Amino acid sequence: MSFVRTVLGDVRPEDLGVCDAHDHLFFASPQLPGQELRSVSAARAELAAFRAEGGSAVVQWTPYGLGRRAADLPPLSRETGVHLVAATGLHQSVHYDDGTLDGLRGRLADVFVHELTEGIGTSGIRAGLIKVAGGFHALDAHARWTMSAAAEAHHATGAPIAVHHELGTGVLDVLDLLCGELAVPAHRVILGHLNRNPDFVVHRQAAESGAYLAFDGPSRGNHATDWRMPDAVRALADAGFGDRLLLGGDTTTAAARSVDGGPGMPYLLRRVRPRLEAALGKELVHRILTENPGHAFGVDWR
């Protein structure tokens, strides 16, 4: 049987409910100085606001070494009634110092497997996905190393692999590597940030592979393409790929939180959902928010 691995234990995919399939409660990177997501009280308030809009699950894509605060996730889940899924994995090299990366050489896949099956650090909180990242229209040596380790961990556990695409690019190269060379089944791959590069031809090719396509945002940095998202999603749905689509908020800075004056997690349900319902109909949007995440993150764990 398939289960979604949450921070409170495994749950059935059909019990996940309305899901923000790509977001961050905690995130800290030297690339975003002064905008770290570290406040537990702000995370609690953001989850409560999301819950008030009808949300019931959030998948946090924050990987190894970027301030996941795994031990804080179970109490937040209990207090707010929102299912939370944590991530293992590794982001682009610019988010880490050389010492951190050197310490992972030769054991990266083992770290991923341990965090998926035993727990993150000493918290005992198990991750439910592996997050990795590509580059701008290319895959450098770091991306190939992390994706190779992610594929090894997938083959050992069954875990899904979620991919950050820089400005939405490099999607087909990722599929060639993960699903071609590394033999990861396409339905176990989640391609993030597709809205940031509204190339409808590439979107369709990615959907035809069997992978899941995540449309997330909005953000200041990618606002120029945000308005194309409904058309991109509708094109995929019209082509018969409604069951391949995921939606998320991808809140990566403190200023982007709704409790700090930004759109935050509630925006996905407060504004994005009705906009997509006008384009796709309520039934399909409901399935994208509920059934699709359950299928994408539900695993017959090994």
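These lines cover the structure that appears in this document, whether it is placed above or below. Since the model is a prediction, treat every value here as computed from it, not as a measurement.

The subject of this paragraph is the overall build of the protein chain. The secondary structure content of the protein chain amounts to 12 helices and 12 strands. Against the compact-globule benchmark of 19 Å for 302 residues, the protein chain has a radius of gyration of 17 Å, which places it among compact chains. Out of the 302 residues belonging to the protein chain, those deemed buried represent 57%. Within the protein chain, residue pairs in contact and separated by at least 24 positions form 76% of the contacts whose partners lie at least 6 positions apart. Accessible surface for the protein chain amounts to roughly 11700 Å². Of this, 49% is attributable to carbon and sulfur atoms. When the 28 basic and 35 acidic side-chain charges of the protein chain are each reduced to a single mean position, those positions are 5 Å apart.

Here the focus is the pattern of salt bridges. Going through the model one piece at a time under the given rule, you end up with 11 salt bridges. Here Arg12 ties to Glu14 by a salt bridge, and the two come within 3.7 Å at their closest N and O atoms. Of the residues examined, Arg12 reaches a relative accessible area of 40% and is grouped as partly exposed. Between Asp72 and Arg69 there is a salt bridge, with its nearest N and O atoms 2.7 Å apart. Take Arg69: its relative accessible area is 37%, and that puts it in the partly exposed class. Residues joined in a network through salt bridges with shared partners are Arg5, Asp10 and Arg126.

Below, the discussion takes up helix α2 (residues 73–80). For an α-helix the count is 3.6 residues per turn, leaving residues at separations of three or four pointing the same way. Residues of α2 that are buried include every one of Leu73, Pro74, Leu76, Ser77 and Thr80, and no others. Taken down its axis, α2 places every buried residue within 165 degrees of arc, on the same side. Check the buried side of α2 and you find it contacts α1 (40–52), β4 (57–60) and β5 (83–85). Following α2 by one or two positions, Gly81 has its phi on the positive side, about 75 degrees.

Residues Ala57 and Val59 of β4 are buried on one face, and the alternating residues Val58 and Gln60, pointing to the opposite face, are buried as well. The sheet contact formed by strand β3 (residues 19–23) and β4 spans 3 bridges and is parallel. Bridge pairing links Asp20 to Val58 in β4. Handedness of the crossover joining β3 and β4 through α1: right-handed.

A separate point is α1. For α1, built from 13 residues, the straight-helix expectation of 18 Å at 1.5 Å per residue is met to within 8% by its first-to-last C-alpha distance of 18 Å. Every buried residue of α1 is accounted for by Ala42, Ala43, Glu46, Leu47 and Phe50. Angularly, the buried residues of α1 cover 135 degrees about the axis, an arc narrow enough to put them on a single face. The elements touched by buried residues of α1 are β3, β4, α2, β5 and α10 (266–280).

Next up on the list: the environment of Phe27. Considering the arrangement of structural elements, one finds Phe27 in the loop between β3 and α1. Not counting residues within four places of it along the chain, the set of residues in contact with Phe27 comprises Leu32, Glu36, Leu37, Thr62, Leu66, Gly67, His91 and Thr252.

Before going further, it helps to examine the packing of helix α6 (residues 171–181) against helix α7 (residues 200–209). Helices that pack against each other are described as a pair by the angle of their axes relative to one another and the distance between those axes. In the contact formed by α6 and α7, the axes pass within 10 Å of each other and the chain directions differ by 20 degrees. Relative to α7, α6 is oriented roughly parallel. For α6 against α7, the interelement crossing comes out left-handed. Residue-level contacts link Val171, Leu172 and Leu175 of α6 to Val202, Gln205, Ala206 and Ser209 of α7. Counted by class, the contact of α6 with α7 contains 5 nonpolar, 2 polar and no charged residues.

Take Arg5: it is sitting in strand β1 (residues 3–6). Given a relative accessible area of 6%, Arg5 falls into the buried group. A polar atom in the side chain of Arg5 sits 2.9 Å from the side chain of Asp10.

Here we come to the sheet that holds strand β2 (residues 9–11). Here 3 strands make up an open sheet; going across it, the order is β2-β1-β12 and the pairing antiparallel. Pairing within the sheet leaves two strands with one partner each, and these edge strands are β2 and β12 (298–299). Examined bridge by bridge, β1 and β2 share 3 bridges and lie antiparallel to one another. If you follow Arg5 over to β2, its bridge partner there is Asp10.

The 6 strands lie next to each other as β6-β7-β8-β9-β10-β11, forming an open sheet whose pairing is parallel. Where the open sheet ends on each side, the last strands, each with one partner, are β6 (87–89) and β11 (245–248). The sheet shows a mean angle of 30 degrees between the axes of neighbouring strands, direction not considered. Looking at chain direction, strand β8 (residues 161–164) and strand β9 (residues 189–191) are connected through 3 bridges and run parallel. Across the sheet, residue Val163 finds its bridge partner in β9, namely Leu191. Helix α4 (residues 108–117) rests against β6 and β7 (129–133) of the sheet, and its axis sits at about 170 degrees to β6.

Reading the values: the criteria
- Residues numbered from 1 in each chain as written.
- Predicted model: local features only at pLDDT ≥ 70, side-chain atom pairs only at ≥ 80, totals over all residues.
- Heavy atoms only, no water.
- Helix = DSSP H or I, 4+ residues; strand = E, 2+ residues; numbered from the N terminus.
- Rg over C-alpha atoms; globule rule 2.2 N^0.38 Å.
- Buried < 20%, exposed > 50% of the residue type's maximum accessible area, 1.4 Å probe, protein only.
- Contact = heavy atoms within 4.5 Å.
- Areas by Shrake-Rupley, 256 points an atom, 1.4 Å probe, with all protein chains shown as cover.
- Lys, Arg positive; Asp, Glu negative; His and termini not counted.
- Charge placed at Lys NZ, Arg CZ, Asp CG, Glu CD.
- Salt bridge = Lys/Arg side-chain N within 4 Å of Asp/Glu carboxyl O.
- Arc of directions from axis to C-beta.
- Pairing = 2+ DSSP bridges.
- Right-handed = clockwise from strand over helix to strand, strands pointing away.
- Expected span 1.5 Å × (residues − 1).
- Axes fitted to C-alpha atoms, helices over the stretch in contact; angles between N-to-C directions.
- Parallel < 35°, antiparallel > 145°, perpendicular 65-115°, else oblique.
- Left-handed = near helix turned anticlockwise from the far one by under 90°.
- Nonpolar A, V, L, I, M, F, W, Y, C, P; charged D, E, K, R; others polar.
- Polar contact = N/O pair within 3.5 Å; in protein donor to acceptor, adjacent residues only side chain to side chain.

It is worth stressing that arrangement in space is one thing and function is another; only the former is reported here.
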